[in-house]
Amino acid sequence: MSHPTSGATAGTLRSMSIRPCSRTACPEEAVATLTYVYADSMAVLGPLSLTQEPHAYDLCARHAERTSAPQGWHVFRHKVMGNAFGDGDLPRRHPSPH
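What counts and how
- Residues numbered from 1 in each chain as written.
- Predicted model: local features only at pLDDT ≥ 70, side-chain atom pairs only at ≥ 80, totals over all residues.
- Heavy atoms only, no water.
- Core = buried A, V, L, I, M, F, W, Y, C linked by side-chain atoms within 4.5 Å.
- Buried < 20%, exposed > 50% of the residue type's maximum accessible area, 1.4 Å probe, protein only.
- Helix = DSSP H or I, 4+ residues; strand = E, 2+ residues; numbered from the N terminus.
- Contact = heavy atoms within 4.5 Å.
- Polar contact = N/O pair within 3.5 Å; in protein donor to acceptor, adjacent residues only side chain to side chain.

Membership of the largest hydrophobic core is limited to twelve residues, which are Cys 21, Cys 26, Ala 32, Leu 34, Ala 43, Leu 45, Leu 59, Cys 60, Ala 64, Ala 69, Trp 73 and Val 75. Secondary-structure elements contributing two or more residues to this core are strand E1 (32–37) and strand E2 (42–47). What Cys 60 contacts, discounting residues up to four positions off in sequence, is Cys 21, Cys 26, Glu 28, Glu 29, Ala 30 and Val 31.

Here it is, written out as structure tokens:
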């Protein structure tokens, strides 16, 4: 007998693993999710979210590593197991370039 939510969970995990990068014309698979915290002038980059969120951006490894923030903002990078979106010393907080 299967669990009533097992199909939904499997579908969510299956769709999560094939989400494309949000950057225009990028065919790569997303590995990270970028969100903005406007009140704190912060861009938060973390592991790929379990579900696609309307106000978040799913990014491939290349675009996640190159992400910068507007002037006066900071990028906060959450460390992920295996460091799926870059090989830097995460977490780190970068001021935007001036």
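From this point, the narrative continues.
Turning our attention to the side chain of Thr 33. Topologically, Thr 33 is positioned in strand E1. We classify Thr 33 as buried; its relative accessible area is 8%. Polar side-chain contacts of Thr 33 include one of 3.0 Å to the side chain of Asp 58. Here Thr 33 is in contact with Arg 19, Val 44, Leu 45, Gly 46, Pro 47, Leu 48, Ser 49, Ala 56, Tyr 57 and Asp 58, once residues within four sequence places are set aside.

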